Amino acid sequence: MSTPLLLTIIILVLIAMLFVLSAINSKKRNFKRKDRLLATLERLKEHIESDNEFERKDAIIRLDNLLAQSFNYKYSNSLNCGENLKKSSKLFRKDTYQNLWDVHKLRNDIVHNNRSISEEEAQKAYHIYKLCIKQILK
């Protein structure tokens, strides 16, 4: 084998190794992001169970933000939650999809109309968000 041919083969092998290592590192980062999203979801449970209404409202807003981040992770985009919700109808059963829209509307009502939220409503919303976020991150 000639020296230039051998040098070319070595360079191509090194470039291929670089791409493989980059792909492996990228997957690790994605798993870390997914784990971070799920950990945040669990931390919000205590805020939902709070006696303080403002804390429950804040938790609902954060859950919706977490839903948006989960959609961004799933679809590799930066669209807002509503736009990604429209794209996600095939991910969920029809009733679950409708419930997800309802809690998203609840979040909007909290933000725009300063709507009050009971402990029971907050618990139900958390359950729906948790179910859907876990489904998205599968």
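The rules we used
- Residues numbered from 1 in each chain as written.
- Predicted model: local features only at pLDDT ≥ 70, side-chain atom pairs only at ≥ 80, totals over all residues.
- Heavy atoms only, no water.
- Core = buried A, V, L, I, M, F, W, Y, C linked by side-chain atoms within 4.5 Å.
- Buried < 20%, exposed > 50% of the residue type's maximum accessible area, 1.4 Å probe, protein only.
- Helix = DSSP H or I, 4+ residues; strand = E, 2+ residues; numbered from the N terminus.
- Contact = heavy atoms within 4.5 Å.
- Salt bridge = Lys/Arg side-chain N within 4 Å of Asp/Glu carboxyl O.

1. Considerations on the nonpolar core
Ranked by internal contacts, the top residues of the largest apolar core, which has 31 residues, are Ile60, Leu63, Leu67, Phe71, Leu100 and Tyr129. Going through the elements one at a time, helix H1 (3-48), helix H2 (53-75), helix H3 (81-87), helix H4 (94-113) and helix H5 (119-136) are the ones with two or more residues in this core. In this view, Ile60 contacts Ile48, Arg107, Ile110, Ile117, Ala122, Ala125 and Tyr129; residues no more than four positions away in its chain are not counted.

2. Things to note about the pattern of salt bridges
Note on pairing: side chains with opposite charge can pair once their charged atoms come close. Taken as a whole and assessed by the stated rule, the structure comprises nine salt bridges. Ionic pairing is found between Arg107 and Asp64, a salt bridge with its closest N-O pair at 3.7 Å. A residue pair is termed long-range when its members are at least 10 positions apart, and Arg107 in helix H4 and Asp64 in helix H2 qualify at 43 residues. Across the salt bridge formed by Lys86 and Glu83, the nearest N and O atoms sit 3.4 Å from each other. Linking Lys86 with Glu83, this pair stays in helix H3, spanning three residues, or about one helical turn. Judged by relative accessible area, which is 51%, Lys86 ranks as exposed. For Glu83, a relative accessible area of 37% puts it in the partly exposed group. Sharing partners across several salt bridges, the network here consists of Asp109, Arg115 and Glu121.

3. A look at unusual backbone geometry
Its identity is not glycine, yet Ser76 carries a phi of approximately 50°, on the positive side. With respect to the helices, strands and loops of the structure, Ser76 is situated in the loop between H2 and H3. Despite not being glycine, Asn114 has its phi angle at roughly 50°, a positive value. By the secondary structure assignment, Asn114 is in the loop between H4 and H5.

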